[in-house]
Amino acid sequence: MATRGHGAQSSEKSAYIEDLFEREHRIYTRMAQIAHSCKLLWKIIVPTVGLLALGGHFFSTISWRSHTPVSDIPIIYSQVNASNYTCVPGQDCWPFSSDWSQFNQSIHGSLRSTTPWAIPCYNGNSSDSCHKVATSYGDPIARTSQYGAMEFLDWETCGQANCLLDSLKPSSPVSGDCSLGRLSTYHVEARNAKDISATLDFARQRGIRLSIKNTGHDYLGRSNSANSLAIWTHNMKETKYHKTFQPQGCRTNYENIGEIGAGIQAQEAWTFFERLGMLVTVGAVSSVGLAGGYGQGGGHGPLGPKYGLMVDQAVEFDVVTADGKLHTINECTDADLFWAMRGGGGGNYAVLTSYKFQLHPAVPINVYSFRADFPKPKGPLDITQSKVHRDILTALANNQTQFADHGLAGYNFVLKDHIVSLQILPSDDVEAIKGITAQWRNFLDDYPGLDIGESKYYSFKTFSEWHDFTETPAISRNGPVGLGIMVAGRLIPRELFSTNDNVGQLVDAVLTAMQFSYTNKGLGSAQLYATGPSNQRDNSKTGLNPAWRDTLWHIVMGAAWTSTTPPNVRTQIQNTVSASVQPFKALTPGGGCYMNEADWQEENWQQTFFGENYDRLLAVKKRYDPTGLFNCWKCVGWTGYDE
Ligand SMILES: Cc1cc2nc3c(=O)[nH]c(=O)nc-3n(C[C@H](O)[C@H](O)[C@H](O)COP(=O)(O)OP(=O)(O)OC[C@H]3O[C@@H](n4cnc5c(N)ncnc54)[C@H](O)[C@@H]3O)c2cc1C
């Protein structure tokens, strides 16, 4: 198989394409049997193997809950209908090759049959094309420029079907069959809203499952789906700056508005607007898309405490709704849809083609950077009993409220044997950060037994300089790709930082979670992000989970697997990640987590991902997408385990 599907102008070309589609039709007919129900497969495997694998530790998870007055009983939400879009290759409903060919012509040759990225290596590993894949297998940007690769192997895999290289030694020979796994059957390399409109019409009329992919960073695999027709927005890169801007139908005048196409990635955005003296509320990693899952589901980053999340910056979107129609939406034209797409999650209400948002005049990015190795424990490590972990976490939590109130963002990576902690203040006053962090810095510098690698202030003139700094190996903690990654998270409210007793409980929970992860094949680390909208408390304009507005720490627990990890170990790792957030759930009954950095197995997902906005989001969803054409995993209105 090779990438194909370009415009069939001549009849010769057209016959060639029909022949290819016919051949692929036969291949996919066979593959459909394997590729159907990927997550359903996991769903069956996980509880049976997982509980056995976790053994006694699973029961200690249960006991965290029973000792605590937890009331996170799942809320019963109104039922949605089963999916209308279930037609898969091999069924009578699946379009003939001539239909695909006609559709391809209607979108000027932008239809592609999906080819797994690693396919050249399944014919031996000596070809140039295989070498190219192998050498960039762990490169996040290279992955995002392929439709046939996701950032994480989890979502290239369906049961036993996949097309993977060895994550740690990608140039090693591979054996077996290369198959699509969970990748879509066909995809459209969308260039404009018209391509998207035609694709929605085709999928809707044929009853085919639809998926939307931008970069493929999604931790819940919501940007692809086996047997689907995908819209790939990667090439929609138009970028503009508006000195002044008035949204259609509104009276409000804005200054310094950025406009980006759906495929723009974080680094492309900050590079473009930096030249104009402007900052963009991007996240931590250059390859993440801005307008897709990030810009519709939340979008936290180093500018979050000062300016808010990405969704807080949105002033207008251009979208294509499920009926194939193009709209410009904002709070004056389609207030409900705009509200839902500002925080209610990507992939679910309409396809966004252009995102217009508030920029911020550039100021220096001032940073206090601290790194240290912990003293070696005497005897085996028990993180729950580690004084150095407890003392440092307590000091950080005691400072967190004032850090947030001053607009400081924090990236804190606490590991079993060391810590990396960055406090960030975007400000013209480059000295201000020193006063705000003085107590924290003095505590760390004076703490006995720490092997301090760095305790230093920086002032970066540009966002690019700040980002280069975060990529230095000693600091860099984000972004390994080309392997499997599971995460789970929890939003920690302000109140838990307000008294010594509450801080004590919070620190206990972090230590317990880390120890559980450490002893059960997880990473044994906790990521404490203080990058939320701590100074933007009003949630009335966004469909975001209200829990975000009260959040000081967004805690993420994670673990990784590679393509050589046996399935039972992978299941064990997944269950460790899911269980490791239980101490935080117990502390925050009825609370939430960030839907984009969440456990894909989350059971109580409506409450946890969307909070009290769920029912209103569902009403908007039903109004704009009454047949459920957009149907992604644990998105609002998701129809259940029928993938
Ligand atoms: C290494 C890494 C670092 C991260 N860092 C951060 C961070 O600092 N801050 C943060 O907030 N999050 C972060 N995330 C999480 C990130 O926000 C999500 O992965 C998000 O889903 C990425 O959006 P995307 O559009 O790039 O990805 P995709 O996987 O392509 O899409 C995600 C979702 O958006 C939908 N979608 C995509 N494009 C469109 C569109 N045009 N219209 C409608 N729906 C669309 C997809 O269908 C899917 O449901 C990180 C993730 C990773 C893997």
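All values derive from a computational prediction rather than experimental measurement.

### Brief notes about the site of the ligand
In the vicinity of the ligand there are 36 residues, among which Gly-283, Gly-292, Gly-293, Gly-346 and Gly-347 approach most closely. Taken together, the elements giving at least two residues each to the shell around the ligand come down to β3 (210-213), α9 (293-297) and β10 (351-358). Split into classes, the residues belonging to the shell around the ligand amount to 11 nonpolar, 20 polar and 5 charged.

### Re the sheet that holds strand β12 (residues 365-373)
Ordered by their spatial adjacency, 7 strands build an open sheet running β15-β12-β14-β13-β17-β18-β16, and the pairing between neighbours is antiparallel. Single-partner strands in this sheet number two, and they are β15 (451-460) and β16 (484-493). Between one strand and the next, the sheet's axes are offset by a mean angle of 15°, whatever the strand orientation. Of the pairings in the sheet, the one linking strand β17 (residues 526-530) to strand β18 (residues 551-561) comprises 3 bridges and is antiparallel in character. The residue bridging Tyr-529 from the neighbouring strand is His-554, located in β18. Along the sheet face, helix α15 (residues 463-470) touches β12 and β15 and points at about 165° away from the line of β15.

### Concerning the pairing of strand β13 (residues 409-414)
Within β13, 5 of the 6 residues are buried, leaving the element largely enclosed by the surrounding structure. The pairing of β13 with strand β14 (residues 418-426) spans 6 bridges and is antiparallel. Bridge pairing in β14 places Gly-410 opposite Gln-423. A loop of 3 residues connects β13 with β14, the two strands running antiparallel in sequence. Note: β13 against β17, 5 bridges, orientation antiparallel. When the bridges of β17 are listed, Tyr-411 appears paired with Tyr-529.

### A word on the packing of helix α16 (residues 500-519) against helix α17 (residues 567-580)
Following both chains from N to C, one finds α16 and α17 inclined at 175°, their axes separated by 9 Å at the closest point. Here α16 is positioned roughly antiparallel relative to α17, judged by the angle of their axes. Side by side, α16 and α17 meet where Ala-513, Phe-516 and Ser-517 of the first sit next to Thr-576, Ala-579 and Ser-580 of the second. When its residues are assigned to classes, the contact of α16 with α17 shows 3 nonpolar, 3 polar and no charged.

### As for helix α8 (residues 266-274)
Among the residues of α8, those classed as buried are Ala-266, Ala-269, Trp-270 and Phe-273. Buried residues in α8, looked at end-on, bunch into an arc of 90°, giving them a common side. Taken together, the buried residues of α8 touch β5 (239-245), β6 (254-261), β7 (278-279) and α15.

### Details of the pairing of β12
For a regular strand, side-chain orientation follows a simple rule: the groups alternate between the two sheet faces. Within β12, 8 of the 9 residues are buried, which leaves it mostly tucked inside the rest of the structure. Pairing of β12 with β14 involves 9 bridges; the strand directions are antiparallel. Bridge pairing links Asn-366 to Leu-425 in β14. Pairing between β12 and β15: 9 bridges, direction antiparallel. Within β15, the residue paired with Arg-371 across the bridge is Glu-454.

### Points about the packing of helix α13 (residues 387-405) against α16
Two numbers describe how α13 lies on α16: the axes approach to 10 Å, and their chain directions differ by 130°. Between α13 and α16, the angle falls in the class oblique. As α13 runs across α16, the sense of the crossing is right-handed. Between α13, through His-389, Arg-390, Leu-393, Thr-394, Ala-397 and Asn-398, and α16, the contact on the second element is made entirely by Val-503, Leu-506, Val-507, Val-510 and Leu-511.

### Remarks on helix α20 (residues 614-624)
Residues three or four positions apart in an α-helix share a direction because the helix packs 3.6 residues into each turn. Along α20, the residues that are buried comprise Tyr-614, Leu-617, Val-620, Lys-621 and Tyr-624. Buried residues in α20, looked at end-on, bunch into an arc of 125°, giving them a common side. In the core, the buried residues of α20 are packed alongside α12 (335-341) and α19 (605-610).

### Some remarks on the confidence of the model for the protein
Looking at the protein as a whole, its pLDDT mean stands at 88, while 87% of the residues score no less than 70. Under a pLDDT of 50 for its full length, residues 1-36 has, in the predicted model, 61 contacts with residues more than four places off or in other chains.

### Brief notes about the sheet that holds β10
Pairing in this open sheet of 5 strands is antiparallel, and the strands run β5-β6-β10-β8-β9 from one edge to the other. The open sheet has two edge strands with one neighbour each: β5 and β9 (326-329). Averaged over all pairs of adjacent strands, the angle between strand axes in this sheet comes to 15°, irrespective of strand direction. As paired elements, strand β8 (residues 314-320) and β9 share 4 bridges and run antiparallel to each other. Paired with Asp-318 across the strands is Thr-328, a residue of β9. Seen against the sheet, helix α7 (residues 193-206) touches β8, β9 and β10 and runs at an angle of roughly 50° to β8.

Cut-off values and rules
Residues numbered from 1 in each chain as written. Predicted model: local features only at pLDDT ≥ 70, side-chain atom pairs only at ≥ 80, totals over all residues. Near = placed C-beta within 6 Å. Helix = DSSP H or I, 4+ residues; strand = E, 2+ residues; numbered from the N terminus. Nonpolar A, V, L, I, M, F, W, Y, C, P; charged D, E, K, R; others polar. Pairing = 2+ DSSP bridges. Axes fitted to C-alpha atoms, helices over the stretch in contact; angles between N-to-C directions. Contact = placed C-beta atoms within 7 Å. Buried ≥ 20, exposed ≤ 12 C-beta atoms within 10 Å, placed from the backbone. Parallel < 35°, antiparallel > 145°, perpendicular 65-115°, else oblique. Arc of directions from axis to C-beta. Left-handed = near helix turned anticlockwise from the far one by under 90°. pLDDT = per-residue confidence, 0-100.

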